[in-house]
Each structure stands twice: as C-alpha cells, then as structure tokens.
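Residue strings, one per chain:
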Amino acid sequence: MSSNNKIACPLDCYDACQAEKLQDGTIKGSKEHKTTDGKLCVKFANLLKEEKLEKSYFQKEEISLEIGLSILVDKLKNTTPSKTLFYKGSGNLGVMQSAPKKFFSLYGSSLTRGSLCDGGGGAGIKQGRQNVVNPPLEKLINADVIVVWGRNFSVTSPHLYNLVKDKTFVTIDPICTPIAKKSKIHMQINPKTDYELALLFTRFVNMQDLEDKDFIEEYGNNADWFFDITRNRPVVSYEATTGVPLSLVNDFIDLIENKSVAFVIGLGVQKYFEGAQIMRCIDSFAAYIGAHKKDAGGVWYLSNSSYGYEKQFEVKGTNKKVSIPKIDFNSYELVFIQGANPVISHPNIKKVIEGLKNPFVVYFGTTYNDTCEYADLIIPSSSFLSKKDVRLSYGHELKAISEVVEEKNPQTISEYELTNYLLEKFGFEKLKDEDEIISYYINHKPKVEEFETFEFLDELDIEPLYKEKTSENFYLITAKNKNSLNSQFANDNFVYLHSSCNFKEEDEVLISSKYGSAKFIVKIDDNIKDNCAFFYAGNKNVNYLTPNDEDESSFSAMYQEVLVEIELS
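Model, not experiment: these values are computed from the prediction. (Residues numbered from 1 in each chain as written. Predicted model: local features only at pLDDT ≥ 70, side-chain atom pairs only at ≥ 80, totals over all residues. Heavy atoms only, no water.)

S.K.: Quick question: what am I supposed to make of the sheet that holds strand E13 (residues 298-300) here?
M.R.: Paired through their backbone hydrogen bonds, the strands of a sheet run either parallel or antiparallel. Reading across from one edge, E10-E9-E8-E12-E13 is the order of the five strands in this open sheet, with parallel pairing throughout. Sheet topology places strand E10 (185-187) and E13 at the edges, where each strand pairs with a single neighbour. Strand-to-strand twist in this sheet, taken as the mean axis angle between neighbours without regard to direction, amounts to 15°. In terms of strand pairing, strand E12 (residues 261-265) meets E13 through three bridges, oriented parallel. By the bridge assignment for E13, Ala262 is matched with Gly298. (Pairing = 2+ DSSP bridges. Helix = DSSP H or I, 4+ residues; strand = E, 2+ residues; numbered from the N terminus. Axes fitted to C-alpha atoms, helices over the stretch in contact; angles between N-to-C directions.)

S.K.: What am I meant to see in a negative patch on the surface here?
M.R.: Taken together, Glu459, Asp461, Glu463, Glu468 and Glu552 make up a surface patch of like negative charges. Its place among the elements puts Glu459 in the loop between strand E20 (454-455) and strand E21 (473-479). The exposure class of Glu459 is exposed, given its relative accessible area of 61%. (Patch = residues over 30% accessible without salt bridge, like charges linked within 9 Å, V, L, I, M, F, W, Y side chains within 5 Å. Areas by Shrake-Rupley, 256 points an atom, 1.4 Å probe, with all protein chains shown as cover. Salt bridge = Lys/Arg side-chain N within 4 Å of Asp/Glu carboxyl O. Lys, Arg positive; Asp, Glu negative; His and termini not counted. Charge placed at Lys NZ, Arg CZ, Asp CG, Glu CD. Buried < 20%, exposed > 50% of the residue type's maximum accessible area, 1.4 Å probe, protein only.)

S.K.: What is the right way to look at the domain arrangement of the chain in this model?
M.R.: When the parts of a complex come together, some accessible area is lost, and that lost area is often used as the size of the interface. Domain assignment breaks the chain into domain 1 (52-115 + 320-400 + 407-443), domain 2 (118-301) and domain 3 (468-568). Its C-alpha centre places domain 2 at a distance of 25 Å from the equivalent point of domain 3. Here domain 2 and domain 3 share an interface that buries about 1900 Å² over both sides, 57% of which is from carbon and sulfur atoms. In terms of surface lost to domain 3, no three residues of domain 2 exceed Ile175, Lys271 and Phe273, which account for 33% of the buried area on that side. At the surface where domain 2 touches domain 3, the tally comes to one salt bridge. A salt bridge links Lys192 to Glu561; its shortest N-O distance comes to 3.0 Å. Scanning the region where domain 2 abuts domain 3 turns up 16 residue pairs in polar contact (both at pLDDT 80 or more). (Domains from an automatic or database assignment. Buried area = accessible area lost by both parts, 1.4 Å probe. Polar contact = N/O pair within 3.5 Å; in protein donor to acceptor, adjacent residues only side chain to side chain.)

S.K.: Honestly, the layout of surface pockets in this entry has me stumped. Any pointers?
M.R.: To find leftover empty space, a probe the size of one water molecule is rolled over the atoms. Reported here for the second largest pocket is a volume of approximately 920 Å³. Going through the elements one at a time, strand E19 (399-402) and helix H18 (434-443) are the ones with two or more residues in the lining of the second largest pocket. Looking at side-chain class alone, the lining of the second largest pocket contains 13 nonpolar, 15 polar and 13 charged residues. (1 Å grid on protein atoms, 1.4 Å probe; cavity = no way out; pocket = protein on both sides within 12 Å on 5 of 7 lines; lining within 4 Å. Points joined across faces, edges and corners; volume = space filled by probe spheres on them. Nonpolar A, V, L, I, M, F, W, Y, C, P; charged D, E, K, R; others polar.)

S.K.: Help me understand the environment of Glu429, please; the structure alone is not making it clear to me.
M.R.: Among the secondary structure elements, Glu429 is positioned in the loop between helix H17 (415-425) and H18. Judged by relative accessible area, Glu429 falls into the exposed class, the value being 72%. Placed 146 residues apart in sequence, Glu429 and Asp283 show a C-alpha to C-alpha distance of 44 Å.

S.K.: Before we go on, may I ask you to explain the packing of aromatic side chains in this structure?
M.R.: We describe a pair of aromatic rings using the distance from one ring centre to the other and the angle between the two ring planes. For the structure on display, the rule yields 37 aromatic pairs. Geometrically, the ring pair formed by Tyr14 and Tyr394 is edge-to-face, given 5.4 Å between the ring centres and 80° between the ring planes. Within this pair, whereas Tyr14 is found in the loop between strand E1 (5-8) and strand E2 (18-21), its partner Tyr394 is found in the loop between strand E18 (389-392) and E19, the two being separated by 380 residues in sequence. Residue classification places Tyr14 among the buried positions, given a relative accessible area of 8%. Aromatic ring contacts, followed pair by pair, group Phe86, Phe103, Phe104, Tyr107, Phe336, Phe364, Phe426 and Phe428 into a single cluster. (Phe/Tyr/Trp six-rings, centres within 6.5 Å; stacked < 30°, edge-to-face > 60°.)

Dropping the structure here:
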C-alpha cells in the first residue's frame, strides 16, 4: 500500500480516478486504483490548473467569508422558506457535496427532481430490472465484443477504455467518433431511431434462432410481447428510418453469435421525450440475447453510485419538488446554486437568464463561472485538495478517496462546514462527525444484488422525430469534448456540419428552433452525419435552442427533442 496522500478526482466522469500526491509535491495517478492504473487524463490536468474562487463577493464587491455567511443567514431568516430554491449541480461528485441539501430540506426550500443528464435512461433501466446498477468491472474486461452505443467511449472513459482497448468494438452513433474509427463495425444511425435499431436486431436474432431461451425462461417476463413489437413493420422500413444498411445489421448479428457481449451506453440515446422507452428497448434487446446474468458481458450505463449505501445526509420532509428542466427561477425570492452553471448547461437559457435577474441569487462553488455574473452573493467552496471526501463511481464499482493534501484557504468553506454552520444558526441538529461519515463510505462494501426478474418492454409509444424532418432542417445532437467537461475548462462554441451542407468553413450562421435562436461559426467535419448539426457540450449558445420541458417518465431534460433550421447570418 502506498504511503502517499490520496486524491479522488471530483470530476463528473465515468472513470472516477484516484491520484496521489508524492512527498516531493508532484501529483500522479494511483497504481492501486485499477481503473486509474497510474495514469491521469487531460481533464484532471486541466482541473489542477483551473483558477480557484478564493474570495466572497456581494453585488460584485469583494467581502470576507465571515460577512458573506452573515449575509446568507440574514437573507434566509428574512425570506419565506417556500420561496427559496436549492439547485445543485455535478461540478464535484464527492459524497460530502450532498451535505448542504440536508440543511435546505430542514429549512423548507423547494428542491429539484429529475435530471439534466441521465434521468430518462435510468428510468427505462429501472422499469426493466428495478435498479440502475452496472455489472462488475471484470465482466466488461472479460467480454468478447463491446458495443458502444451513443457514447464516445475512448474520450469519455479513457481509463476504462485502456483496460479493454484490445477488444472487438462495434459503435452505434450518428458521429464517426474516435471509438467508431477503432471499431470493426460502425453504424451511423439517424438520431432518435436507436429503439428501431434495437427492434431490428431483435428481429434478426429471432429469425436466426439466436435468442437466449434459457435466460428468457428463467428471468424474463413479456419477451414474446417484446418480439411482437418488432413485427409491426417490414424489415426494409427499419433500414430506411435508421439509416443503417441491413447488410451491416447482418454482419453485427454474425459477429456477436456465441460471443459474450458488453454494451456501454451513453446519454445520447435518451435525450428525448421518450428516453425511458428508448433505453428500455435497447436493454430488452441485450436481455433477449442473454447479455445479462453471464460471467462476462452485460449493460453499462450511468449506474446509481450510492446503491447499497445508507444515506448519510438523509433528506426527509414535505419540501416541494420542482422538475429541474421546467424551473422558473423568477418565481423564487432566493435561489441557492451549488456547483452548477445553469446559464450554460440548463435548457432554454434565455429563460434561465431572465429568471435569474429577479431573485437574490447565491452561488456556492470552487470556480467563477458564467452563472456568477447573475449572483448577488458568491461564497467560495474549498478546493478538493483541501478537504476529505470519497468519490463513488457511476461507471464501475470502485471508489476513490480524498485526503487533505494542501492547506485550506481560510476564506473558503467546505460543504460539510457550511452545512453545519447553517444548521447551528437555525437551531437544527448538526451532522455526524465528518470522519465517521467518510469512514462509513470507505469501509462499507455494498452487496450488489442482480435483478430477480427482467421485465421486457411490452408496448411502445414513441413519436419519431424524423416525421417532422425535412430536407431543410437538421437534427440537433451534442457530445462530450476531449479537452473540456460540459461547461468546465475550454469551451468550443462552434457548430459542426457535414461538407455536403450548403455552408462553408467559418460561415457565420443563425440557427433557430421553436424555442429560440443564436449565432454560430461553422466548422466543416465529415465525421458528422449529413443531416445533423453537432455541438460540443458546454457550448455557450446551444441551449438557446433546446426545450425547457420534461420527458414523459422522469422529470428530466430532453435536449435533443428538437430540429433546427440554419441560415447565413
């Protein structure tokens, strides 16, 4: 075991790496942590170089932390609790970051429900197998074929990819991503037709008598009904709508026959109104071929990282919960924003910006971001290097541990400290001892119970986006950038189009949807499917185009449920 100080990477990534600070002060990846394996990615390097927020501000004027906390308490004591909103982001994913929600729950603030990220897909998986839990990492490592579906695996999960880089890959994505270029088969699918491709796969598997009858008999309910859905249309019509040639589908079925298959699924497949149904359809196909309950293979999505742990900051109460994509910031007197940047990441940001102009806005985080421009009070959170934490992963079962490796700036305050400060000021019981909470997460090893019964999707009601598609408009799609993480680090504010479009490199264009419009500079990239307008996550203007409405199942955002028109500006 290493005697070096441990550092858990707090970034919102699948890999959840662990670093070490050596005796000479340098930081390197931990060899003890299987996923990290001694290597750190460019995002962690960017995190170390990121300029930290080290001062408090009130109405743009620098103040001391003590005065900032006093202003916060005064505002909370003079505001009706139900007219306050607690809004938390994913800028830091350590378990201790959940502490402030405990205070705001007891205080009586409105809380959010749903997700800006993975909610629809998670809801679909839960409907089929009760919990959103990934198989053990070894089952991915031992799989014969890895199907990368709507996820740029080698970019968003570079450490996980490094463990399996010699496997046979299949990629399903409208973008010819780096992992697609490394794949034996790439199916450049039309957006929001993933469920149709899953049905087509199921149809081919059944025609070739390759379904896993033993799995279906022992664990499956409604498998026959699921297959019946696939027979509602001629096979050739699936080819027309998905854009995937039947010959490629046949090659894929041949490739996976008698193989253990792992599916790593990204967010792109479920950023739609019927995202839960789409994910459940993919998961049902995986079950139909028996990918589950095997020694190798399975389905990996964003798992519930806290599954099997007792909540150390349990929130009980009758707080009003508002759907996160539909939030009207203007309806509150005070908005407390923790580690989030809704001015960039929230759908329909024109409405967000207008809404933030009226309430008293408190921002609490480690860095100065775009949302800070609309904050009345800014309180700096302590750096991840100066506070204890544990990072649970939504990509695998491993955990990363953070110890204090640098002295805390006295003008900053940790999430745990702020919560206890507020609890004390309002007469509530304080939190458990910090070391007791950390120790619980370090030492507890949850028992991950596999599902007892798999419920196949038995009916389908999806409104295809291609029914509204014309030759004049484009599907809006987004993906992660290698050098940034959502709105953190370097922003890429371009729109990427295929060279077959009527626009040229560096053209300034106006892009419009029924929700809003914004100007962009064009970059030509033939890795993008010709009917798509592609934007990297964190683009400062793309969310002028997206709907602030919720999906059908999980109170979650549906960024890609939109078509856009493009014209020269």
